[in-house]
Amino acid sequence: MATTKLPLHTYEVHKLRTIINRTHILLHFTFILALLYYRLIIPRSDCHVSVFAWGVMTFSELIFAFVWFLTQAFRWRPVTRKVFPENLSCNDSDLPAVDVFVCTADPKKEPVVEVMNTVVSAMALDYPPEKLAVYLSDDGGAALTEFAVREACLFAKCWVPFCRKYRIKTRCPVAYFSKLGDDERVSRTSDEFKGEEEMIKSAYEVFKKNVEKSCIDDSVVHNRPARVEVIHDNRKEEESQDENSKMPLLVYLAREKRPSHPHRFKAGAENALLRISGIMSNAPYLLVLDCDMYCNDPTSARQAMCFHLDPEMSKGLGFVQYPQTFYNNKWQGMDGLRGPLFTGTGYYLKKNAMFCSPNNEDEFLREPEKNFGLSKKFNDSLKGCSEEDGKRVISEEIIDEAKRLGSCTFEANTKWGKEIGYSYGSLLESTYTGYLLHCKGWRSVYLYPERPCFLGCTSVNLNDALVQQMKWSSGLFQAGVSKYSPLTYGVSKMSFLQSMCYGYFMLSPFASVAMLLYSILPQLYLFAGIPLFPKVSSSWFAVFAIVYTSSLCQHIYEVLSTGGSFTTFKNEQRMWIIRVVTSSLFGCIDVLFKWLGITKASFRLTNKAVDQEKLKKYEKGKFDFQGADMFMVPLRLLVLLNLVCFIVGMKRVVIEGNFGDMFGQIYISLFGLVLSYPILEDFIPKKGK
C-alpha cells in the first residue's frame, strides 16, 4: 500500500456546468410537458387529421421524451478526476501485480501485426516486469497468430529495453514509427539514440516481414483442443539481469472449441483467461484491451493504482475505466454518480470483483468446487494459498492444468457466466457485466488524463461501423427488455440516477421506432397538405420550436465544451440519423426475431482490416456507402420519400398559400434533406472509378 500521506487523486465537480445542466433540464422538461399536453389534451384543430396519425405522432414524441429523460442523469453531476502517481510508494515491490488480457478471434478481420503491436505495447508498460503478465487469447486458434506472438516476443526483447532506456512514451511500435511519434524522435538528437533507433526500426521491419510474408495458415479452426504456451517465462530470468532488459510473463492461449459445445464468444474467452491466469500469475488486478487498442501512455497502470491503492476507496472500487471515446460528457456524468460502465477495453479491474460482492467477499468460496469448478489449483488461488509463489518457473503440470481450465466442458454445472466472471446474459458482455457489478454494489471511476492512455482504430468502412452498432444495439436492447432491465431490476440495486444511465444505454435503440415514424408520417401528410403541427401564429407552435431549439443548443454546447466544432456537431447530427434508422432499427428487429425464435444469437466480429482507398475517403470526411447495401435500403427509401413529399408538398403550399399551417412539416422535411445530402449525392452516377 502507499506509505505517503500526499493525495493519490482528487476530483472536481463541474459546478458551473452542473448549474447550466440542471437549469436547462428544468426548463426543457417544462416545455416537453406542455408539448405532451397539447398532443394529449388539446382537441385536434384540423378534423382532417385522423386519430391514428395524431396517435402515432404522440407515441413518437413520448418515446423521444422518455429517451431524453434518461439522458439527463448524465448531466446531473459531472466530475473530473486527477491522479498523482508520483505520490505512490517509491518501492516497486509495494505495487500489486497486474495481468493484461488481449483477445483476438480472426487474423483475417483483425490483422495479426496490429494485434502484436497491442501485445508489445502492453509488455512495455512502465511497471515492474516481475509483476506484469500479458495473456493473448486466440479464439480463432490460427497457427499464424501463435507464430506471430513468438516473433513479437523476440522483437519485444529489443524494443522494451529501448523504451525503458530512453523513457519513450509512445510504446506501440507502429505508432512510434508514424507521425504520432514525431515529437519524441525529433526531441532526441544524440548519435547514440539515432543509432539504436535505426537498429530497432530495422528489427521491427524484419518482424513485420516475417509475419506478413509468412506462409503459415491463417484459417480459423472451429474444432480443436486447448493450446497453452508460455512464450516467455520471466521467472527464468537471472536476478542479476539488467533491469531494463527484464520482460513480463507472456502466455498464448487458444481454448478448446467443439461444434457440439457453446463457446460463449468473447465472454467465454475472458472467463478462460481469468482461470488460467489464476494458476500462473494470479494478479489481483487485470487490464483488458481490445486487440486493436494499444497502450499510448506507459504509466496507465500506476495512474489506475492511485485509486485501487487508496484505502478510503479501494474496498468498494471495482474498476478504473479509461476513455475509449473522447466525447466524454456521458462518462463524466456517470462518474459523478457511482461510476461509468465497462466500455469493453481500457479498464483496470479488481479481479475479485468478478467473483463476489464488496460486502460479501466469501460468498462463493464456501463451496468452491460447486461454484468455480473442479480445479484445486484454481480454487486455492482464490483463497490466496496457491502453490505458485510468484517466483517458481511455470511447470508442465501447471500448463496441463491450464489446458483443462480452457476446455469447453470445464464450466458445466458451475456458476461461470451466471454469477461468476463475465456474464453470458448478453453478447455485449462488457457493458452487461459492468452493469451487474454495479448492481452487486461495486463502484467505478472514470479517468480522462491529458495524454490518452489507450488509442486504437475505428471502422472507416460504413458497413463495418453499422454492423458493429447493430451488434451493440441488439445486445443492449435485449438486456434492457429482459428481467434484468435497469428500470426494474437495476433500480432496486443502485441509485435511480445510475439506473437511468443504464436505461439510456439499453433502451435508447427503441428511439429508432420513433425516428422511423417521424421520417414517414409528417412527410406523407405534407404531401397531402394536412398539418400535424400547430400553425406558426399559434402559441403552441412556440412550444414545439423551443423544445427543438433547446435540444440543438444543448448538443452544440456539449460538443463545443469538449473541444469539438460546428462541423463536429453537423456530422454527429448526420451520423445519429443514419445510425438510428439503420443499425439501431435492425438491432431492435434482431431482438424481436430472437424472441420469436426466428434467429439465434450469433457473434458478428467487426472487421478491423483497413481498406486504404476507404481510409483516404474517411480522412477527407467523405461518406462511402459502398458495401453497406443492407443498411442503405431503408435509408435510401426514406430519403426518396422525403424528397418527393417535399417537392409535391411545397408545390401545394405555394398554390394553397398555407405556409403557416405547414411550416413544421416543411422544416422537418428540409432539415432531413440537408442532413441526407451525402445520400442524395450518392444517387448521382459518378464518372470514372
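Residues numbered from 1 in each chain as written. Predicted model: local features only at pLDDT ≥ 70, side-chain atom pairs only at ≥ 80, totals over all residues. Heavy atoms only, no water.

Focus on the overall build of the chain
Reasoning step 1: Along the backbone of the chain there are 24 helices and 12 strands.
Reasoning step 2: A compact globule built from 689 residues would reach a C-alpha radius of gyration of about 26 Å, and the chain, at 27 Å, matches this within 12%.
Reasoning step 3: Its C-alpha atoms put the chain at 90 × 60 × 55 Å along the principal axes.
Reasoning step 4: Pairs at least 24 apart in sequence give 81% of the contacts found in the chain among residues at least 6 apart.
Reasoning step 5: Roughly 31,000 Å² of accessible area belongs to the chain as shown, and the carbon and sulfur atoms make up 59% of that amount.
Reasoning step 6: Here the chain carries 81 positive and 73 negative side-chain charges, and the mean point of each set is 6 Å from the other. (Helix = DSSP H or I, 4+ residues; strand = E, 2+ residues; numbered from the N terminus. Rg over C-alpha atoms; globule rule 2.2 N^0.38 Å. Contact = heavy atoms within 4.5 Å. Areas by Shrake-Rupley, 256 points an atom, 1.4 Å probe, with all protein chains shown as cover. Lys, Arg positive; Asp, Glu negative; His and termini not counted. Charge placed at Lys NZ, Arg CZ, Asp CG, Glu CD.)

Focus on the packing of helix α18 (residues 521-528) against helix α23 (residues 659-675)
Reasoning step 1: For the pair α18 and α23, the least separation of the axes is 9 Å and the interaxial angle reads 125°. By the criterion of interaxial angle, the relationship of α18 to α23 is oblique. Remark: the crossing between α18 and α23 carries left-handed chirality. From α18, Pro522, Gln523, Tyr525 and Leu526 reach across to α23, where they touch Met662, Gln665, Ile666, Ile668 and Ser669. (Axes fitted to C-alpha atoms, helices over the stretch in contact; angles between N-to-C directions. Parallel < 35°, antiparallel > 145°, perpendicular 65-115°, else oblique. Left-handed = near helix turned anticlockwise from the far one by under 90°.)

Thoughts on the sheet that holds strand β11 (residues 443-446)
Reasoning step 1: Strand order in the open sheet formed by 8 strands is β5-β6-β4-β3-β7-β10-β9-β11, with mixed pairing between adjacent strands. With partners counted over all chains shown, the strands left at the sheet margins are β5 (227-232) and β11, one partner each. Across the sheet, the mean angle from the axis of one strand to that of its neighbour is 20°, orientation sign disregarded.
Reasoning step 2: Looking at chain direction, strand β9 (residues 317-321) and β11 are connected through 4 bridges and run parallel. (Pairing = 2+ DSSP bridges.)

Some words on the nonpolar core
Reasoning step 1: If you look at the biggest cluster of nonpolar residues, it comprises 68 residues, and the most contacted ones within it are Val100, Met116, Trp159, Tyr348 and Phe454.
Reasoning step 2: Beyond its immediate chain neighbours, meaning those up to four positions away, Val100 contacts Ala122, Leu125, Leu132, Ala133, Val134, Tyr135, Leu287 and Leu289.
Reasoning step 3: Counting 41 residues, the second-largest nonpolar core is a separate cluster that includes Ala133, Ala353, Leu405 and Leu437. (Core = buried A, V, L, I, M, F, W, Y, C linked by side-chain atoms within 4.5 Å. Buried < 20%, exposed > 50% of the residue type's maximum accessible area, 1.4 Å probe, protein only.)

Section: the side chain of Thr433
Reasoning step 1: By secondary structure assignment, the location of Thr433 is in helix α14 (residues 429-440).
Reasoning step 2: Ignoring sequence-local partners within four residues, the contact set of Thr433 consists of Phe342, Met354, Gly421, Tyr422 and Ser423.

Overview of helix α20 (residues 566-596)
Owing to its 3.6 residues per turn, the α-helix brings residues three or four apart onto one side.
Reasoning step 1: Across its 31 residues, α20 extends 43 Å between first and last C-alpha, which sits within 8% of the 45 Å expected from 1.5 Å per residue.
Reasoning step 2: A maximum bend of about 40° is found in α20 at Arg579.
Reasoning step 3: Remark: Gly597 follows α20 within two positions and exhibits a positive phi of approximately 80°. (Expected span 1.5 Å × (residues − 1). Bend = angle between axes of the 7 residues up to and from the residue.)

Some remarks on the state of the cysteines
Reasoning step 1: One pass over the structure, following the stated rule, counts 0 disulfides.
Reasoning step 2: As a non-bridged cysteine, Cys103 has Cys291 as the owner of its nearest cysteine sulfur, 8.6 Å distant.
Reasoning step 3: On the basis of relative accessibility, which here comes to 10%, the residue Cys103 falls in the buried class.
Reasoning step 4: Not engaged in a disulfide, the cysteine Cys163 finds its nearest cysteine sulfur in Cys158; these two sulfurs lie 9.6 Å apart.
Reasoning step 5: Overall, the relative accessible area of 0% leaves Cys163 in the buried class. (Disulfide = S-S within 2.5 Å.)

With respect to the packing of aromatic side chains
Reasoning step 1: Summed over the entire model, instances satisfying the criterion amount to 47 aromatic pairs.
Reasoning step 2: Between the aromatic rings of Phe101 and Tyr135, the centroid separation amounts to 6.0 Å while the plane-to-plane angle is 90°, which identifies the pairing as edge-to-face. Remark: Tyr135 occurs in strand β4 (residues 132-138) and Phe101 occurs in strand β3 (residues 98-104); sequence separation between them is 34 residues.
Reasoning step 3: An aromatic cluster is present here, built from Phe155, Trp159, Phe162, Tyr166, Tyr176, Phe177, Phe193, Tyr204 and Phe207 joined pairwise through their rings.
Reasoning step 4: We note Arg39 situated over the ring of Trp54; from NZ or CZ to the ring centre the distance is 4.6 Å.
Reasoning step 5: Its end group placed over the ring of Trp416, Arg275 keeps NZ or CZ at 4.8 Å from the ring centre. (Phe/Tyr/Trp six-rings, centres within 6.5 Å; stacked < 30°, edge-to-face > 60°. Lys NZ or Arg CZ within 6 Å of the ring centre and 35° of its normal.)

Let's talk about the environment of His263
Reasoning step 1: Relative to the helices and strands, His263 resides in the loop between β6 (249-254) and α8 (265-280).
Reasoning step 2: Judged by its relative accessible area of 28%, His263 falls in the partly exposed class.
Reasoning step 3: Along the sequence, His263 and Asp661 sit 398 residues apart, while their C-alpha atoms lie 59 Å from each other.
Reasoning step 4: Those residues within four positions of His263 in sequence are excluded, and the remaining contacts are Arg255, Lys257 and Gly268.

Side note on the pattern of salt bridges
Reasoning step 1: Evaluation of the coordinates by the stated rule reveals 26 salt bridges.
Reasoning step 2: The closest approach of N and O atoms between Glu558 and Arg75, which form a salt bridge, is 2.5 Å. Residue Glu558 is found in helix α19 (residues 539-561), and its partner Arg75 is found in the loop between α2 (51-71) and β2 (79-83); the two are separated by 483 residues along the sequence. Accessibility assignment for this pair places Glu558 and Arg75 in one class, buried.
Reasoning step 3: Several salt bridges converge on common partners, so that one network encompasses Glu146, Arg150, Arg227 and Glu229. (Salt bridge = Lys/Arg side-chain N within 4 Å of Asp/Glu carboxyl O.)

Some details on the side chain of Ser375
Reasoning step 1: Here Ser375 shows up in the loop between α11 (368-372) and α12 (376-382).
Reasoning step 2: Since its relative accessible area comes to 1%, Ser375 is described here as buried.
Reasoning step 3: Here the side chain of Ser375 touches Glu401 through a polar contact of 2.5 Å, side chain to side chain.
Reasoning step 4: In this structure Ser375 touches Glu401, Arg404, Leu405 and Phe410, once residues within four positions along its chain are discounted. (Polar contact = N/O pair within 3.5 Å; in protein donor to acceptor, adjacent residues only side chain to side chain.)

Section: unusual backbone geometry
Reasoning step 1: In this model, Arg167 sits at a positive phi of 50°, which is unusual for a non-glycine residue.
Reasoning step 2: One can find Arg167 in the loop between α4 (143-166) and α5 (173-176).
Reasoning step 3: The exposure class of Arg167 is exposed, given its relative accessible area of 67%.
Reasoning step 4: At Arg264, a residue that is not glycine, the phi angle is positive and equals roughly 65°.
Reasoning step 5: Here Arg264 is to be found in the loop between β6 and α8.

Points about the environment of Ser512
Reasoning step 1: Note that Ser512 resides in helix α17 (residues 511-518).
Reasoning step 2: Sequence separation of Ser512 and Ile231 is 281 residues, and the distance between their C-alpha atoms is 48 Å.
Reasoning step 3: Polar contacts involving the side chain of Ser512 include one to the main-chain carbonyl oxygen of Pro509, which spans 2.7 Å.

Digging into the confidence of the model for the chain
Reasoning step 1: Here the chain averages 88 in pLDDT, while 90% of its residues score no lower than 70.
Reasoning step 2: Every residue in residues 385-389 scores below 50 in pLDDT, and together they form 9 contacts with partners more than four places removed in sequence or on other chains. (pLDDT = per-residue confidence, 0-100.)

Describing a nonpolar patch on the surface
Reasoning step 1: A cluster of nonpolar side chains, namely Ile589, Leu592, Phe593, Trp595, Leu596 and Ile598, defines an oily patch on the protein surface of about 640 Å² accessible area.
Reasoning step 2: You can see Trp595 is positioned in helix α20.
Reasoning step 3: By relative accessible area, Trp595 is classed as exposed at 70%. (Patch = residues over 30% accessible without salt bridge, like charges linked within 9 Å, V, L, I, M, F, W, Y side chains within 5 Å.)

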